[in-house]
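# Structure assessment
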Amino acid sequence: MDFVTGLRCRECARPYPAEALHVCDYCFGPLEVAYDYEALRSSVTRQQIAAGPHTIWRYAPLLPVSDPEPIDLGTGWTPLVRADRLAAELGLGELWIKNDTANPTGSFKDRVVSVALTKARQLGFKVAACASTGNLANSVAAHAARAGMVSVVFIPRDLEVAKIVTTAVYGGHVVAVEGTYDDVNRLCAELTSELPSWAFVNVNVRTYYAEGSKTLAFEVAEQLGWEAPDHVIVPVGSGSQLTKIAKGFAELHAVGLLDEEPHVRVSGAQAVGCSPVATAFAEGTDAIRPVKPHTIAKSLAIGNPADGWYALETVRRSGGAFAAVTDDEILDGIRLLARTEGIFAETAGGVTIATLAKLAAAGVVRRDERVVAYVTGHGLKTVEALVDTAGPTATIAPTLEAFHEAVAIDATVQGGPAPRGTVAGGPASGSPVPGGRS
Amino acid sequence: MSVTVRVPAQLRTLTGGEAQVAVEGSTVGEVLKGLEAAHPGFGDRLFDESGSLRRFVNVFLADEDVRFLDGLDTLVTDGQTLSIVPAVAGG
């Protein structure tokens, strides 16, 4: 069973049935799923969740669709890794990375799509469509393939090659639109009116889709031993994910899974080349002016963010902050995370890490806080951003001489087991590599 | 000027089910006022108490967001298309 009581307009609170509706007919405000929290409180337990699958579906009672066999590629329960080396570089204390690059199609979008298409199938839809900056296209095409649905994804024509290939491979329709994501989005919004029999995951089933992002909060709290962090850093495109992470922590308390009321500071990360929400935060205004995006963080290049206002409100109310980072800072962020923690993030992850660094340097993210940074997409999706700066560190002839001449590694960091045949107590290794910087 | 206004599904109850209607006006604001005159109910749906477009209403003239133009004061030319689109997003 599910605990959904219906949908409700977030602006004017008008009620609607739990169907493929996303916008209030009256004021155009977004619709939200309403749950019976009282019933959930007396029915959901930590033990029950712990006994569930290692996917987002372990939290099924807190999701807007109930199905014994959801459309699932094995999404969620991604690693939450302690990031001490990164923390040391940034002067922070307890820092964790929620590594959502580990999802089946390499981004957090699998969470929202698994929920959206499971609900869409239940409502009788057979065509899965979306407007996408790439990650969503990957995920919709893959989930539709698994479910035997037809997929039609709409993307801006100038998307990264990898994101196009990793969508097209699933065999659905991939429509490249001459324009920005905001053009694609507007086209899909209009198409939804013309094609009501298609499930546009981020348009007419968006109400359900957005709920999938709550699992990013659920998992972090459970992985921390059913405690909320003090501060989270979240990348902001449309603003939906940030808003739903905050909602997720609040819901865990509402249904009794967190003992103490969480006070999670929520901070948002944007690229300077597309920072309408960060700009409104910096200017202290409620008015979010749309922009024409120009950034390497294409998955966040949404110039007219529908949930921007809610993201702004969430950050302000929580005592968090926004920051915007340049393309160079984004690339530095990607390299910093890779170099210190062995995690390769896409450009949006670079935005998150660079923002974390900026807010840490400014004293906004503090050393005494338990901090979680959400890294939500895999670096292999946006390798183009790095091809000019990440290549072989040496190219050599296949000879020992060439190797010794070209490769210098500090002998003091080499370690390793003692070479076989050496006398006990003898030298631990041979001579340092010639040219070592010892 | 006669402009074609594309109406989203949510508002077609106001146009008797029509997906597009022709409206006269010389600016975006005038066209939307003309829409209210011809099909009462649009004004309430599109504008808040202060007379500004509601937060979640997007208006596009020839596929360009009017907020990148002159907003409600944007001049229209004969035969252009004005789209009313609820805000949605994703990525």
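Residues numbered from 1 in each chain as written. Chains lettered and ligands numbered in written order. Predicted model: local features only at pLDDT ≥ 70, side-chain atom pairs only at ≥ 80, totals over all residues.

### Looking at the overall build of chain A
Of the regular secondary structure elements, chain A holds 15 helices and 13 strands. For 438 residues, the compact-globule formula gives about 22 Å, and the C-alpha radius of gyration of chain A, at 23 Å, lands near that figure. Principal-axis analysis of the C-alpha atoms gives chain A an extent of 80 × 50 × 45 Å. When burial is assessed residue by residue, chain A has 54% of its 438 residues classed as buried. Considering only contacts in chain A between residues 6 or more positions apart, those separated by 24 or more positions represent 69%. (Helix = DSSP H or I, 4+ residues; strand = E, 2+ residues; numbered from the N terminus. Rg over C-alpha atoms; globule rule 2.2 N^0.38 Å. Buried ≥ 20, exposed ≤ 12 C-beta atoms within 10 Å, placed from the backbone. Contact = placed C-beta atoms within 7 Å.)

### Observations regarding the environment of A:Glu341
Within the secondary structure, A:Glu341 sits in helix H13 (residues 327-341). Taking the C-alpha atoms as reference points, A:Glu341 and A:Gly171, separated by 170 residues in sequence, lie 35 Å from one another.

### A word on the interface of chain B and chain A
Taken residue by residue, the interface counts 21 residues in chain B and 34 residues in chain A. At the level of elements, strand S3 (57-61) and strand S5 (81-86) of chain B are the ones that each hand at least two residues to the side of chain B that touches chain A. Examining the composition of the side of chain B that touches chain A, we find that three residues originate from one element, S5(B), more than from any other. Split by residue class, the side of chain B that touches chain A holds eleven nonpolar, four polar and six charged. (Nonpolar A, V, L, I, M, F, W, Y, C, P; charged D, E, K, R; others polar.)

### Some thoughts on the domain arrangement of chain A
Along its sequence, chain A is carved into domain 1 (80-106 + 211-385) and domain 2 (394-438). Computed from C-alpha coordinates alone, the two centres of domain 1 of chain A and domain 2 of chain A are separated by 41 Å. (Domains from an automatic or database assignment.)

### Here's the deal with the sheet that holds strand S5 (residues 94-99) of chain A
Residues and elements named next belong to chain A. Ordered in space as S4-S5-S13-S10-S11-S12, the six strands form an open sheet in which the pairing is mixed. The two strands at the open ends of the sheet, each matched to only one other strand, are strand S4 (80-82) and strand S12 (322-325). The sheet shows a mean angle of 25 degrees between the axes of neighbouring strands, direction not considered. Looking at chain direction, strand S10 (residues 231-235) and strand S13 (residues 370-375) are connected through three bridges and run parallel. Across the sheet, the residue bridging to His-231 is Val-371, located in S13. Its contacts with the sheet place helix H11 (residues 276-283) against strand S11 (265-271) and S12, and it is angled at close to 125 degrees to S12. (Pairing = 2+ DSSP bridges. Axes fitted to C-alpha atoms, helices over the stretch in contact; angles between N-to-C directions.)

### Here's the deal with the nonpolar core
Nonpolar side chains tend toward joint burial in soluble globular proteins. Formed by 152 residues in total, the largest nonpolar core has its most connected members in A:Ala116, A:Cys130, A:Val140, A:Val153, A:Ala199 and A:Val201. Once residues lying within four places of it in the same chain are set aside, the contact partners of A:Ala116 are A:Val201, A:Val205, A:Tyr208, A:Tyr209 and A:Gly212. (Core = buried A, V, L, I, M, F, W, Y, C linked by C-beta atoms within 7 Å.)

### Concerning the packing of helix H9 (residues 215-223) of chain A against helix H10 (residues 240-254) of chain A
Residue and element names in this part refer to chain A. Contact geometry of H9 with H10 gives a least axis separation of 7 Å together with a crossing angle of 50 degrees. The angle between the axes of H9 and H10 places the two elements in the oblique class. Taken as a pair, H9 and H10 cross one another with a handedness that is right-handed. Residues Leu-216, Ala-217, Phe-218 and Ala-221 of H9 form the contact with H10, whose own contacting residues are Ile-245, Gly-248, Phe-249 and Leu-252. When its residues are assigned to classes, the contact of H9 with H10 shows seven nonpolar, one polar and no charged. (Parallel < 35°, antiparallel > 145°, perpendicular 65-115°, else oblique. Left-handed = near helix turned anticlockwise from the far one by under 90°.)

### Details of H11(A)
Residues and elements named next belong to chain A. For H11, the full list of buried residues reads Pro-276, Val-277, Ala-278 and Phe-281. The elements touched by buried residues of H11 are S11, helix H12 (308-318) and S12. Immediately beyond the C-terminal end of H11, within one or two residues, lies Gly-284, with a positive phi of roughly 70 degrees.

### Focus on the sheet that holds strand S1 (residues 4-9) of chain A
Residues and elements named next belong to chain A. Pairing is antiparallel in the open sheet, where three strands are placed in the order S2-S1-S3. Unpaired on one side and paired on the other, strand S2 (15-16) and strand S3 (31-35) mark the two borders of the sheet. Of the pairings in the sheet, the one linking S1 to S3 comprises five bridges and is antiparallel in character. Considered in S3, the bridge of Arg-8 is made with Glu-32.

### Here we look at the confidence of the model for chain A
One rule of thumb: low pLDDT means the predicted coordinates there are not for detailed reading. Considering every residue of chain A, the mean pLDDT works out to 93; 96% of them sit at 70 or more. Per-residue pLDDT stays below 50 along residues 426-438 of chain A; that stretch engages in 24 contacts with residues further than four places along the chain or on separate chains. (pLDDT = per-residue confidence, 0-100.)

### Considerations on the pairing of strand S6 (residues 127-131) of chain A
Residues and elements named next belong to chain A. Buried residues dominate S6, accounting for four of its five residues. Alignment of S6 against strand S7 (residues 150-156), held across five bridges, turns out to be parallel. Across the sheet, the residue bridging to Val-127 is Val-150, located in S7. Regarding the hand of the β-α-β motif, the stretch spanning S6, helix H5 (residues 135-147) and S7 is right-handed. (Right-handed = clockwise from strand over helix to strand, strands pointing away.)

### Structural notes on unusual backbone geometry
Residues and elements named next belong to chain A. Even without glycine at this site, Ala-13 takes up a positive phi of about 65 degrees. A positive phi is found at Phe-28, a non-glycine position, where the angle reads about 70 degrees. By secondary structure assignment, the location of Phe-28 is in the loop between S2 and S3.

### What to know about the packing of H11(A) against H12(A)
Residue and element names in this part refer to chain A. Here H11 crosses H12 at 45 degrees, and the two axes come no closer than 10 Å. By the angle between their directions, the pair H11 and H12 is classed as oblique. Seen along the crossing, H11 lies across H12 with a hand that is right-handed. Of H12, the residues touching H11 (which contributes Pro-276, Val-277, Ala-280 and Phe-281) are Gly-308, Ala-311, Leu-312 and Val-315. A breakdown of the residues in the contact of H11 with H12 according to their chemical character gives seven nonpolar, one polar and no charged.

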